[in-house]
Amino acid sequence: MTNTTKIATLTSDGEFTAYRATPAGTPKAAIVVIQEIFGVNAGIRRKCDTLAEAGYLAIAPDLFWRLEPGIELDPDIKPEMDRALGLMGQFDQDKGIADIEATIRAARVELGDDAKVGVVGYCLGGRLAFMTAARTDVDASVGYYGVGIDGLLAEKHAIAHPVLLHVPEEDHFVDKAAQAAMHAGLDDHPKVTIYDYAGEDHGFATEFGERRSDASAKLADERTAKFFAENLG
């Protein structure tokens, strides 16, 4: 079952919408799905639906609600890509993390205090997944092609729960130097695992559109499914 729900901010000064996909039976855990710069579009909703089919309560908060609530953009259409990049420039990432934390807390209230909650994010969401791992008590975090993680390495000491990162080697938003810095800073971290994808570019695991690279997307998603099964139960 799918629906849209409302979540209050941590400071109770507003509320935002979230897409929600519920499994047929009792959820074994919850996973917060963190959007790309394109909003909670059809691809992000499909990610939620797939997680619900696997038995998880999946929730995708609208993180751009302070800018343009409900926006959905297509990265294969240049004007919409340009608009998405503009929104990214205006987005307050600290407030975004607070909204993700509010979503995590809402999931725990619904499922019970003992329930585990993970996050998975893509692009901007991949970066925010790493930040969530460092700044909240989330139980497990997955980031696909997160941008600028090399600039967040000073926060790695705060990561207490497992993190999985998917890194395409030909990412035109994350150059080789940034990838090398990520490996140098994180390969010896006991909680972090990095998988590299030779020949792949940013967005390779998108559900729809020109960016998808099917074989690598399926491999990354299989690794993610195993990671969540091991760490969320």
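Our structure's up above, just so we're on the same page.
Below you will find a few notes about this structure. Because the structure is predicted, anything quoted here is derived from the model rather than measured. (Residues numbered from 1 in each chain as written. Predicted model: local features only at pLDDT ≥ 70, side-chain atom pairs only at ≥ 80, totals over all residues. Heavy atoms only, no water.)

## Observations concerning the nonpolar core
Operational definition: By nonpolar core is meant a set of buried Ala, Val, Leu, Ile, Met, Phe, Trp, Tyr and Cys residues that side-chain atoms within 4.5 Å join together. Exposure categories follow from relative accessible area, calculated using a 1.4 Å probe and restricted to protein chains: below 20% of the type maximum is buried, above 50% is exposed, and the middle band is partly exposed. Put simply, DSSP marks the helices as runs of H or I at least four residues long and the strands as runs of E at least two long, and each gets a number from the N terminus on. Whether two residues are in contact is decided by their heavy atoms, any of which lying within 4.5 Å being enough.
If you look at the biggest cluster of nonpolar residues, it comprises 76 residues, and the most contacted ones within it are Val-33, Ile-100, Val-120, Leu-128, Leu-165 and Phe-228. Here this core takes seven residues from helix 4 (residues 124-135), the largest share from any one element. In this structure Phe-228 touches Ile-31, Tyr-56, Gly-118, Val-119, Val-120, Ala-140, Val-142 and Gly-233, once residues within four positions along its chain are discounted.

## Side note on the layout of surface pockets
Rolled over the atoms, a probe with the dimensions of a water molecule shows which regions are left empty. The condition that has to hold: Buriedness of a pocket was judged along seven lines, with at least five required to meet protein on both sides within 12 Å; pockets are open sets of points on a 1 Å grid over the protein atoms alone, cavities are sets where a 1.4 Å probe fits but cannot get out, and lining residues have an atom within 4 Å of a point. Grid points are joined across faces, edges and corners, and a volume is the space filled by probe spheres set on the points. When residues are grouped by polarity, Ala, Val, Leu, Ile, Met, Phe, Trp, Tyr, Cys and Pro land in nonpolar, Asp, Glu, Lys and Arg in charged, and all others, Gly among them, in polar.
Each pocket or cavity is described by its volume, and for the largest pocket that value is around 350 Å³. Contributing elements (two or more residues each) for the lining of the largest pocket: helix 1 (42-53), strand 5 (117-122) and helix 6 (214-232). The class makeup of the residues in the lining of the largest pocket is eight nonpolar, two polar and five charged.

## Points about the pattern of salt bridges
Our working rule: A pair is scored as a salt bridge if a Lys or Arg side-chain nitrogen falls within 4 Å of a carboxyl oxygen belonging to Asp or Glu.
For the structure on display, the rule yields 16 salt bridges. Residue Glu-155 pairs with Arg-135 through a salt bridge whose shortest N-O separation is 2.8 Å. In this pair, Glu-155 is assigned in the loop between strand 6 (140-144) and strand 7 (163-168) and Arg-135 in helix 4, connecting sequence segments 20 residues apart. Shared partners join several salt bridges into a network, and the residues in it are Asp-94, Arg-135 and Glu-155.

## Re the sheet that holds strand 1 (residues 2-8)
This is how it is decided: If DSSP finds at least two bridges between two strands, the strands pair. Each axis is a line fitted through C-alpha atoms, and for a helix only the stretch in contact is used; angles between axes span 0 to 180 degrees, taken between their N-to-C directions.
If you walk across this open sheet you meet the eight strands as 1-2-4-3-5-6-7-8, and the pairing is mixed. Bordering the open sheet on either side are strand 1 and strand 8 (192-197), each of which pairs with just one other strand. Across this sheet, the average inter-strand angle for adjacent strands is 20°, counted without regard to direction. Strands strand 3 (30-34), strand 5, strand 6 and strand 7 of the sheet are contacted by helix 4, whose axis makes an angle of about 145° with strand 5.

Any link to function would need more than the numbers given here.
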